Amino acid sequence: MEINNQNSWFHILESEFTKPYFINLQQFLVEEYSNNVVYPPKDKIYYAFELTPYEDVKVVILGQDPYHGRNQAHGLSFSVQSGTDVPPSLVNVFKELHSDLGCEPVNHGCLESWARQGVLLLNTILTVRQGEPKSHADKGWEIFTDKIIRTLNERDTPVIFILWGYHARSKCHLIDSWKHTIITGPHPAASIYSDNMDFFGSKPFSRANQALEERGMTPINWQLPANV
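Here's what I pulled together on the structure shown here. Since the structure is predicted, the reported quantities are computational estimates derived from the model, not experimental observations.

Re the overall build of the protein chain
Here's step 1: Within the protein chain, the secondary structure is distributed over 9 helices and 6 strands.
Here's step 2: What you see for the protein chain is a C-alpha radius of gyration of 17 Å, in line with the 17 Å of a compact globule of 228 residues.
Here's step 3: Taking the principal axes of the C-alpha coordinates as reference, the protein chain spans close to 45 × 40 × 35 Å.
Here's step 4: Split into buried and exposed, the 228 residues of the protein chain put 54% on the buried side.
Here's step 5: Sequence separation of at least 24 residues holds for 69% of the intrachain contacts in the protein chain that already meet a minimum separation of 6.
Here's step 6: Just so you have it, the protein chain exposes about 10700 Å², and 47% of that area is on carbon and sulfur atoms.
Here's step 7: Measuring between centres, the 19 positive side-chain charges of the protein chain sit 2 Å from its 26 negative side-chain charges.

Here you go:
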């Protein structure tokens, strides 16, 4: 349950691993994985960092905690493993993606192709007990992922932060909006549970690409492959 020491993130975050909060977090996780069903699998906790090294990050899409259903979470925010039904919130993401950029719908919810292009799909909490959302809140993950956001904020190369929903927007104070681009909006689940439809029409994907192009950077190809 650790970041590969050959990964650039390891060297950036190495000082965190010996801090009391992180040691306590690791002890908690050992007990949780031994006594409960916990997602994602142990070898996928840091999958986002494996697919999107520090130096490659162009965009951050910030989620809260992993999906808590069987065979869903695999270490990338909003993404589910291939072969798993697409959750309602991700269905809405795909609807907005089609409206915004004309991207064709696909029959899976695996977002690995985004991650490989520099989209860090980061949750603020990296693990969860089956069927119990937010069950691993306030155990130390928030300190760790705040450190990641602060580290990206310190980069000279600008980053596009996509923050959906109140929880993600609460991280705005960690980001220098003069240096980086912050795109905020309602959580994609908002239209499932209420009449708040403001997520639709918010055009986060084209706005992110426009910001990248204005900085002379290659835009993201948001079209997912038909098969993964």
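Overview of the nonpolar core
The tendency in soluble globular proteins is for nonpolar side chains to be buried as a group.
Here's step 1: If you look at the biggest cluster of nonpolar residues, it comprises 67 residues, and the most contacted ones within it are Trp9, Ile61, Trp114, Leu120, Phe144 and Trp222.
Here's step 2: Element by element, the count of residues in this core is highest for helix α2 (residues 20-35), at 6 residues.
Here's step 3: Contact partners of Trp114, with chain neighbours within four places excluded, come to Ile61, Val93, Leu97, Val119, Leu121, Phe205, Asn221, Trp222 and Leu224.

Digging into the side chain of Glu16
Here's step 1: Topologically, Glu16 is positioned in the loop between α1 (8-13) and α2.
Here's step 2: Here the side chain of Glu16 touches Tyr21 through a polar contact of 2.6 Å, side chain to side chain.
Here's step 3: Beyond its immediate chain neighbours, meaning those up to four positions away, Glu16 contacts Tyr21, Phe22, Phe144 and Lys147.

Points about the sheet that holds strand β2 (residues 59-63)
Either a parallel or an antiparallel arrangement is found when strands of a sheet pair, and the pairing is made through backbone hydrogen bonds.
Here's step 1: Strand order across the open sheet formed by 4 strands is β3-β2-β5-β6, with parallel pairing between neighbours. The open sheet has two edge strands with one neighbour each: β3 (119-123) and β6 (181-185). For this sheet, the mean inter-axis angle between neighbouring strands, taken without regard to orientation, is 20°.
Here's step 2: Pairing between β2 and β3: 5 bridges, direction parallel. Among the inter-strand pairings, Ile61 is bridged to a residue of β3, identified as Leu121.
Here's step 3: The sheet strands contacting helix α9 (residues 204-214) are β2, β5 (160-164) and β6, and the helix crosses β5 at an angle near 160°.

Structural notes on the packing of aromatic side chains
Here's step 1: Scanning the entire structure with this criterion turns up 18 aromatic pairs.
Here's step 2: With a centroid separation of 5.3 Å and 85° between ring planes, the pair formed by Trp164 and Phe199 is classed as edge-to-face. On the criterion of sequence distance, the pair formed by Trp164 in strand β5 and Phe199 in the loop between α8 (190-193) and α9 is long-range, its members being 35 residues apart. Across the pair, Phe199 and Trp164 agree in class, each one buried.
Here's step 3: By way of ring pairs, the aromatic residues Trp9, Phe10, Phe17, Tyr21, Phe22, Tyr46, Phe49, Tyr54, Trp141 and Phe144 are connected into one cluster.
Here's step 4: When the ring centre of Tyr47 is taken as origin, the NZ or CZ atom of Lys44, which lies over that ring, is 3.8 Å away.

Analysis parameters
- Residues numbered from 1 in each chain as written.
- Predicted model: local features only at pLDDT ≥ 70, side-chain atom pairs only at ≥ 80, totals over all residues.
- Heavy atoms only, no water.
- Helix = DSSP H or I, 4+ residues; strand = E, 2+ residues; numbered from the N terminus.
- Rg over C-alpha atoms; globule rule 2.2 N^0.38 Å.
- Buried < 20%, exposed > 50% of the residue type's maximum accessible area, 1.4 Å probe, protein only.
- Contact = heavy atoms within 4.5 Å.
- Areas by Shrake-Rupley, 256 points an atom, 1.4 Å probe, with all protein chains shown as cover.
- Lys, Arg positive; Asp, Glu negative; His and termini not counted.
- Charge placed at Lys NZ, Arg CZ, Asp CG, Glu CD.
- Core = buried A, V, L, I, M, F, W, Y, C linked by side-chain atoms within 4.5 Å.
- Polar contact = N/O pair within 3.5 Å; in protein donor to acceptor, adjacent residues only side chain to side chain.
- Pairing = 2+ DSSP bridges.
- Axes fitted to C-alpha atoms, helices over the stretch in contact; angles between N-to-C directions.
- Phe/Tyr/Trp six-rings, centres within 6.5 Å; stacked < 30°, edge-to-face > 60°.
- Lys NZ or Arg CZ within 6 Å of the ring centre and 35° of its normal.

Honestly, that's just the spatial picture; any functional story needs more than this.
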